[in-house]
Amino acid sequence: MSGGPVCTHLGLKPGQRLTVKGKIAPNAKSFVMNLGKDATFLGLHFNPRFDAHGDVNTIVCNSKKVEEWGAEHRETVFPFQKGGTVEITFGVNQNDVTVHLPGHQFTFPNRLNLSVFDYFDTQGDFTLQSLSWE
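This one's a predicted model, so the numbers in the text were calculated from it and none came from an experiment.

Visitor: It is not clear to me how the pattern of salt bridges should be interpreted in this structure. Could you clarify?
Guide: Once the charged atoms of two side chains with opposite charge are near each other, the side chains can pair. Throughout the structure, instances matching the rule amount to five salt bridges. Of the charged contacts, one joins Lys21 and Glu87 as a salt bridge, the two residues approaching to 3.6 Å between their closest N and O atoms. With Lys21 in strand E2 (residues 17–24) and Glu87 in strand E8 (residues 85–92), this pair connects stretches of sequence that are 66 residues apart. Residue Glu87 is classed as partly exposed on the basis of its relative accessible area of 40%. The network of salt bridges with shared partners includes Arg49, Asp55, Glu72 and Arg74.

Visitor: Help me out: how do you make sense of the sheet that holds strand E9 (residues 96–101) in this one?
Guide: Backbone hydrogen bonds hold the strands of a sheet together, and the pairing may be parallel or antiparallel. Pairing is antiparallel in the open sheet, where five strands are placed in the order E10-E9-E8-E2-E12. The open sheet is flanked by strand E10 (104–109) and strand E12 (126–133), the only strands paired with a single partner. Pairwise comparison of adjacent strand axes, ignoring direction, gives a mean angle of 20° for this sheet. Sheet topology note: the E9/E10 ladder contains six bridges and is antiparallel. By the bridge assignment, Thr98 is partnered in E10 with Thr107.

Visitor: I tried to follow the side chain of Arg49 on my own but got confused; where do I start?
Guide: Examined against the element boundaries, Arg49 turns out to sit in strand E4 (residues 41–52). A distance of 2.6 Å separates the side chain of Arg49 from the side chain of Asp55, its partner in a polar contact. Ignoring anything within four residues of it in the chain, the contact list for Arg49 reads Lys29, Ser30, Asp55, Val56, Asn57, Thr58, Val60, Glu72, Arg74 and Phe78.

Visitor: Please explain the UniProt feature "domain: Galectin" (unreviewed entry) in the chain as it appears in this structure.
Guide: Within the UniProt annotation, "domain: Galectin" (unreviewed entry) is assigned to residues 4–134. A helix fraction of 0% and a strand fraction of 61% characterise residues 4–134, whose end C-alpha atoms lie 22 Å from each other.

So, how was this worked out
Residues numbered from 1 in each chain as written. Predicted model: local features only at pLDDT ≥ 70, side-chain atom pairs only at ≥ 80, totals over all residues. Heavy atoms only, no water. Salt bridge = Lys/Arg side-chain N within 4 Å of Asp/Glu carboxyl O. Helix = DSSP H or I, 4+ residues; strand = E, 2+ residues; numbered from the N terminus. Buried < 20%, exposed > 50% of the residue type's maximum accessible area, 1.4 Å probe, protein only. Pairing = 2+ DSSP bridges. Axes fitted to C-alpha atoms, helices over the stretch in contact; angles between N-to-C directions. Polar contact = N/O pair within 3.5 Å; in protein donor to acceptor, adjacent residues only side chain to side chain. Contact = heavy atoms within 4.5 Å. UniProt positions renumbered as here; feature names shortened; annotations may be inferred.

Encoded structure:
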């Protein structure tokens, strides 16, 4: 999976939000947004799959501690379109991350008990257009 920009030293703490805007490739199979301490400690691996790894129009979320993945969490609400633009906001809370999508939101637990989310990257069939945090 091809990589996009990598951000470090974000310093996102509970009560803060990261908003990501970008364009999905016209022939997209999947894309990934990772949020965590660094590339080896991912508090949220956010993976919308159009058609990848046996999933169709499903969002798969997980966490990773070094090389150990947690249990996958699946969301069947899929507000993404190939070739479309999207805005996703990740709200950092004490015990979880709230993922705000167009017309839907859900939470994913902070399994690694991260107090600060310093790392963000994108991979796959997605072109980052803007990144903002507050």
